[in-house]
Amino acid sequence: MSDIVSRPRTPPRTVVIAGGNGGLGRRIADDLAGRGIDIAILTRTIDERSPHRQVQWDGRSQGDWVAVLDTGTDTAVINLAGRLVDCRPTASNIDELRRSRVEPTRALVEAARGLRTPLTHWIQASTTAVWSDAGETWCTENTPVPDGLPQMTGVVKPWEAAADDAPCDHVVVLRTSIVLDSGSPVLQRLTRLVRVGLGGRVAGGRQWVSWIHIDDWLAVVRAGLDLDPEVTLPSGVVIAATDHPVRNAELMATLRRLLHRPPAPPTPESLLRLGAVLLRSDAQLGLTGRRARSTVLHDAGFRFTHPDLGGALADVLGAR
């Protein structure tokens, strides 16, 4: 963050969501609008189905869209802009993943510098994949970031760095783990595999999976916007993950149990890599893992509504 005069923190009346037509963007837009917050979505493509005000931008250059930030009232930004990571890890795809995140962030920072009224809050999306494959290490907000995989650390580090100079009173860099939501592409793919009898552990099954229920993710974002009178989050990195990560084998076993499917054979690493080529995906998404939890949320008194995996998945899947 740049040096600015700090003001008393009050909840925003307007929230501008960059990339707000994606899965998480739609969720937080609906949640905040239902609480009386004025919502504006910055998007490359207008979605006629969205009930929220949308403003078109290219995610790179300054334009008429900047006016949506300069409301003269308490305005916050949630920056979720970026291409989905489920793609082949080619050099061109990795470059596109990086640019699709860094360029919109830089455009927002540049626009914010010229506002008559400074932004009150900035929620900067990030991911626990910044640690690539962390093995058995417990990753918290203070865990150093290594020189990791190009499609993970190599994308996330410059993405976060692009927001370093954001001229805002309060900046939260939200390193989100896997979000359990019925509309999540990751969860949809896993449930499809389980339903057709392919829901065994992946490779050795010991890779860690950090996760958070969508309701708790929304609550963390609200706390970052000072919309929770009982939880005050400091500026800086915040990990959006429960205190109870699980290994891949436990995740798949829990899904099989909830979907009433029998044990399934494991998916060998060689088969996963072949499938990733055929599906134009990245095998490392299933082979790597992070054992992450947040000390910041704990110190702030945040309480998870869905702290255990079984209960969280049952709620999302409507399973019994």
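Relevant structure appears above.
One structure accompanies this document, and this report is about it. Predicted, not measured: the structure shown is a model, and the values here were computed from it.

1. A short note on the pairing of strand β1 (residues 14-18)
For step 1, the next point in the chain: Burial of β1 is extensive: five of the five residues sit out of reach of the surface.
For step 2, the next point in the chain: Taking every second residue as pointing to the same face, both faces of β1 are buried, with Thr14, Val16 and Ala18 on one and Val15 and Ile17 on the other.
For step 3, the next point in the chain: Relative to strand β2 (residues 38-43), β1 runs parallel, the two being bridged by five bridges. Paired with Val15 across the bridge in β2 is Ile39.
For step 4, the next point in the chain: As for the winding sense of the linkage, the β-α-β connection from β1 through helix α1 (residues 23-33) to β2 is right-handed.
For step 5, the next point in the chain: Of the pairings in the sheet, the one linking β1 to strand β4 (residues 75-79) comprises five bridges and is parallel in character. Paired with Ile17 across the strands is Ile78, a residue of β4.

2. A short note on the layout of surface pockets
For step 1, the next point in the chain: Quantified by volume, the second largest pocket comes out at close to 160 Å³.
For step 2, the next point in the chain: Forming the boundary of the second largest pocket are 11 residues, of which Glu160, Asp164, Val173, Gly236 and Val237 lie nearest the centre.
For step 3, the next point in the chain: Ranked by residues supplied to the lining of the second largest pocket, first place goes to strand β7 (residues 171-176) with three residues.
For step 4, the next point in the chain: Considering only residue class, the lining of the second largest pocket consists of six nonpolar, two polar and three charged.

3. Details of the packing of aromatic side chains
Two aromatic rings, taken as a pair, are described by how far apart their centres are and by the angle between their planes.
For step 1, the next point in the chain: A full pass over the atoms with the stated rule returns two aromatic pairs.
For step 2, the next point in the chain: Measuring from centroid to centroid gives 5.0 Å for Phe302 and Phe304, while their planes differ by 80°, and the two rings are edge-to-face. Across this residue pair, the class does not change: Phe302 and Phe304 are buried.
For step 3, the next point in the chain: Above the face of the Trp159 ring, Arg101 is positioned so that its terminal group lies 5.0 Å from the ring centre.
For step 4, the next point in the chain: Cation over ring: Arg175 sits above Trp131, and NZ or CZ is 5.0 Å from the ring centre.

4. Examining the nonpolar core
For step 1, the next point in the chain: By size, the foremost hydrophobic cluster in this structure holds 43 residues, and its most contacted members are Val15, Ile28, Ile78 and Trp217.
For step 2, the next point in the chain: With seven residues, the top contributor of residues to this core is helix α5 (residues 214-224).
For step 3, the next point in the chain: With residues up to four places along the chain from it excluded, the contact list for Ile28 reads Ile17, Ile78, Leu80, Trp217, Leu218 and Val221.
For step 4, the next point in the chain: In this structure, Ala40, Val68, Leu108 and Val109 belong to the second largest nonpolar core, which totals 24 residues.

5. Notes on empty space enclosed by the protein
For step 1, the next point in the chain: For the coordinates displayed, the defined rule picks out one cavity of 30 Å³ or more.
For step 2, the next point in the chain: By volume, the largest cavity is sized at about 60 Å³.
For step 3, the next point in the chain: Residue lining of the largest cavity: Ile178, Leu180, Val186, Leu187, Leu190, Val209, Trp211, Leu251 and Leu309, and that is the complete set.
For step 4, the next point in the chain: Secondary structure elements with two or more residues in the lining of the largest cavity: β8 (178-180) and α4 (185-195).
For step 5, the next point in the chain: With three residues, α4 is the single largest residue contributor to the lining of the largest cavity.

6. Description of the pairing of strand β5 (residues 121-127)
For step 1, the next point in the chain: Counting buried positions along β5 gives six out of seven residues, so the element sits mostly inside the fold.
For step 2, the next point in the chain: Strand direction decides the pairing type here: β4 and β5, joined by four bridges, are parallel. For Val77, the partnering residue across the bridge sits in β5 and is Trp122.
For step 3, the next point in the chain: What joins β4 to β5 is helix α2 (residues 91-113), and the crossover it makes is right-handed.

7. Side note on the pattern of salt bridges
For step 1, the next point in the chain: Enumeration according to the criterion identifies 15 salt bridges in this entry.
For step 2, the next point in the chain: Of the charged contacts, one joins Arg99 and Glu103 as a salt bridge, the two residues approaching to 4.0 Å between their closest N and O atoms. Placement of the pair is Arg99 and Glu103 together in helix α2, with a separation of four residues, close to one helical turn.
For step 3, the next point in the chain: A single network of salt bridges, built from pairs that share partners, joins Asp95, Glu96, Arg98, Arg99 and Glu103.

Each value, and the rule that gives it
Residues numbered from 1 in each chain as written. Predicted model: local features only at pLDDT ≥ 70, side-chain atom pairs only at ≥ 80, totals over all residues. Heavy atoms only, no water. Buried < 20%, exposed > 50% of the residue type's maximum accessible area, 1.4 Å probe, protein only. Helix = DSSP H or I, 4+ residues; strand = E, 2+ residues; numbered from the N terminus. Pairing = 2+ DSSP bridges. Right-handed = clockwise from strand over helix to strand, strands pointing away. 1 Å grid on protein atoms, 1.4 Å probe; cavity = no way out; pocket = protein on both sides within 12 Å on 5 of 7 lines; lining within 4 Å. Points joined across faces, edges and corners; volume = space filled by probe spheres on them. Nonpolar A, V, L, I, M, F, W, Y, C, P; charged D, E, K, R; others polar. Phe/Tyr/Trp six-rings, centres within 6.5 Å; stacked < 30°, edge-to-face > 60°. Lys NZ or Arg CZ within 6 Å of the ring centre and 35° of its normal. Core = buried A, V, L, I, M, F, W, Y, C linked by side-chain atoms within 4.5 Å. Contact = heavy atoms within 4.5 Å. Salt bridge = Lys/Arg side-chain N within 4 Å of Asp/Glu carboxyl O.

Such coordinate-based values are descriptive only and should not be taken to indicate function.
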